[in-house]
Amino acid sequence: MRIEYDVKLDFKDVLIRPKRSILQSRAEVKLEREFRFKHAGTKWKGVPIIAANMDHTGTFDMAVALGEHQLMTALGKFISLEDWKKFANDYAEILPSCFVSVGISETDFEKLAQLAKVVKFSSICLDAANGYTERYVEFLVRLRKAYPDKVIMAGNVVTGEMVEELILSGADIVKIGIGPGSVCTTREKTGVGYPQLSAIIECADAAHGLGGQVCADGGCVTPGDVAKAFAAGADFVMLGGMLAGHDECSGEIIEENGRRFKRFYGMSSAEAMEKHHGAVAEYRASEGRSVNVPYRGAVKHTVNDILGGVRSTCTYVGAQRLKELSKRTTFIRVTKQLNEVFVPYTLNDNK
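Residues numbered from 1 in each chain as written. Predicted model: local features only at pLDDT ≥ 70, side-chain atom pairs only at ≥ 80, totals over all residues. Heavy atoms only, no water.

Asker: Quick rundown of the overall build of the protein? Include the residues and the values.
Answerer: In terms of regular secondary structure, the protein is built from 10 helices and 15 strands. The C-alpha radius of gyration of the protein comes to 19 Å, within 12% of the 20 Å expected for a compact globule of 351 residues. Overall, the C-alpha framework of the protein stretches about 55 × 55 × 50 Å when taken along its three principal axes. In the protein, which comprises 351 residues, the proportion classed as buried is 52%. Taking as baseline every contact in the protein between residues at least 6 positions apart, the subset at least 24 positions apart corresponds to 67%. For the protein, the exposed surface amounts to about 17100 Å²; the carbon and sulfur share of it is 49%. (Helix = DSSP H or I, 4+ residues; strand = E, 2+ residues; numbered from the N terminus. Rg over C-alpha atoms; globule rule 2.2 N^0.38 Å. Buried < 20%, exposed > 50% of the residue type's maximum accessible area, 1.4 Å probe, protein only. Contact = heavy atoms within 4.5 Å. Areas by Shrake-Rupley, 256 points an atom, 1.4 Å probe, with all protein chains shown as cover.)

Okay, here's the thing in structure tokens:
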């Protein structure tokens, strides 16, 4: 046993220090980025925000809506082959903004092979809660060999040495985050995790040294958190809870006591495992919660709110392009961020 005494930080622990700027308006800020991926060798250009590959947010409707804003969607891994074929036929122009999600079982590998025969996807999200296992790395190596020209996003991890391992094993993008999600209970059930801001800073440094990218996954509650993730060095930011409760999310609207909600649950929750696997396996515990999220209408309004907040961040530090934000950021430690005399900012309000 050993203890690390260095302070590790979360989004709530810092603010971004403003700096002189020559920008005249938020409209001058360019949020699009262009990446060439290390292993796939392909290029992508757009706004590097990704809807999480959860049942609720990783939907075809979400992909269409976010695609209009040049954002990406990681589709859920339980989508049928027939549904994929129909979507690819109807929305071929959206496919470059979508990740196909896959687990690390032999069934997952075979299902992906079947999909590859009928859908010309460009990106794969190798999805596992724990990216530290030898089995996970071996599967990643196998996946890269089978799909040399596909962008592969792998994770989740939170330490630099494992980011390096995954990139050297075939990942173009490494997903960062263990336990910060709004419906994740991994930290409660296991005691394992890492404060998200420090995880991003340390993992981005490791990835960029090898020519890879990182995706910050989890922990963002406000547009300011999204901006802090980019400022910390994240190339992509994945959102689940911030995009929950919208028309484009799966599930019906639930009415309770005159208010409207939609169901939202973690993919390691008992509800998810019972839905997709029949039960929670006896050897494991549920590591997710289920909640009713207030219904929030069309996702475009939330997207505009998030993008507007990030543009404003850039103007405060003089970054004309999103790429410049991390280079112009100085974080300051704080003990309090918000004045909560009135209702604090929340994305759970009805729109």
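Asker: Tell me about the packing of helix α4 (residues 134–146) against helix α5 (residues 160–168), residues and numbers included.
Answerer: Running from amino to carboxyl end, α4 crosses α5 at an angle of 30 degrees, the nearest separation of the two axes being 9 Å. For the element pair α4 / α5, the angle class is roughly parallel. Residue-level inspection shows Y136, V137 and L140 of α4 in contact with α5, the latter providing M162, E165 and L166. Residue composition of the contact of α4 with α5, grouped by class: five nonpolar, no polar and one charged. (Axes fitted to C-alpha atoms, helices over the stretch in contact; angles between N-to-C directions. Parallel < 35°, antiparallel > 145°, perpendicular 65-115°, else oblique. Nonpolar A, V, L, I, M, F, W, Y, C, P; charged D, E, K, R; others polar.)

Asker: Explain the environment of G219 to me, and be specific about the residues and the numbers.
Answerer: Examined against the element boundaries, G219 turns out to sit in the loop between β10 (213–217) and α8 (223–231). Assessed through its relative accessible area of 23%, G219 is described here as partly exposed. In sequence terms G219 and P195 are 24 residues apart; their C-alpha atoms lie 9.1 Å from each other. With sequence-adjacent residues up to four places away left out, G219 is seen in contact with F11, P180, G181 and D225.

Asker: Tell me what's going on with the nonpolar core, and back it up with residues and numbers.
Answerer: Of all hydrophobic cores here, the largest spans 47 residues; its most connected members are W84, F87, L126, L143, V163 and L166. Not counting chain neighbours up to four residues away, the residues in contact with L126 comprise V102, G103, I104, Y136, F139, L140, L143, M153, A154 and G155. Listed in part, the 39 residues of the second largest apolar core include I49, F230, A234 and V310. (Core = buried A, V, L, I, M, F, W, Y, C linked by side-chain atoms within 4.5 Å.)

Asker: Just give me the short version of the environment of S326, but keep the residues and values in it.
Answerer: Of note, S326 is situated in the loop between α10 (299–317) and β15 (331–333). What makes S326 partly exposed here is its relative accessible area of 32%. A sequence separation of 94 residues divides S326 from A232, and the C-alpha atoms of the two residues are 5.9 Å apart.

Asker: Describe the packing of aromatic side chains, listing the residues and the values that go with them.
Answerer: Evaluated as defined, the whole model comprises 10 aromatic pairs. Relative to F236, the ring of W44 lies with its centre 5.7 Å away and its plane at 45 degrees, an arrangement referred to as tilted. Of this pair, W44 sits in strand β3 (residues 43–46) while F236 sits in strand β11 (residues 236–239); the two residues are 192 residues apart in sequence, bridging distant segments of the chain. Residue classification places W44 among the buried positions, given a relative accessible area of 10%. Taken together, the ring pairs connect F35, F37, W44 and F236 into an aromatic cluster. For the cation-ring pair, K150 lies above F121, with the distance from its terminal atom to the ring centre recorded as 4.9 Å. (Phe/Tyr/Trp six-rings, centres within 6.5 Å; stacked < 30°, edge-to-face > 60°. Lys NZ or Arg CZ within 6 Å of the ring centre and 35° of its normal.)

Asker: Any details on α10? Residues and values, ideally.
Answerer: For α10, which comprises 19 residues, the first-to-last C-alpha distance of 28 Å matches the rise-based estimate of 27 Å (1.5 Å per residue) to within 8%. Within the span of α10, buried status applies to V299, T302, V303, I306, L307, V310, S312, T313, C314, T315 and V317. Contacts made by the buried residues of α10 are with β1 (14–16), β4 (49–51), α1 (60–67), α8 and β11. Looking one or two places after α10, you find G318, whose phi comes out positive at around 80 degrees. (Expected span 1.5 Å × (residues − 1).)

Asker: Quick rundown of the pairing of strand β6 (residues 98–102)? Include the residues and the values.
Answerer: Of all five residues in β6, five are buried, a share of seventy percent or more. For strand β5 (residues 72–74) and β6, the ladder comprises two bridges, and the chain directions are parallel. Bridging from a neighbouring strand, T73 pairs with C98 of β6. Note that the unit made of β5, helix α2 (residues 81–90) and β6 has a crossover that is right-handed. Relative to strand β7 (residues 123–127), β6 runs parallel, the two sharing four bridges. What sits directly across from S101, in β7, is C125. Taken together, β6, helix α3 (residues 106–118) and β7 form a β-α-β motif whose crossover is right-handed. (Pairing = 2+ DSSP bridges. Right-handed = clockwise from strand over helix to strand, strands pointing away.)

Asker: For the confidence of the model for the protein, give the residues involved together with the corresponding values.
Answerer: When pLDDT is averaged along the protein, the result is 91; 91% of the residues meet or exceed 70. Counted against residues more than four places away or in other chains, residues 347–351, with its pLDDT under 50, gives 14 contacts. (pLDDT = per-residue confidence, 0-100.)

Asker: Explain a nonpolar patch on the surface to me, and be specific about the residues and the numbers.
Answerer: On the surface, M1, I3 and Y5 cluster together to form a nonpolar patch covering roughly 490 Å² of accessible area. As for its placement among the helices and strands, Y5 is situated in the segment before β1. Using a relative accessible area of 69% as the deciding quantity, one classes Y5 as exposed. (Patch = residues over 30% accessible without salt bridge, like charges linked within 9 Å, V, L, I, M, F, W, Y side chains within 5 Å. Salt bridge = Lys/Arg side-chain N within 4 Å of Asp/Glu carboxyl O.)

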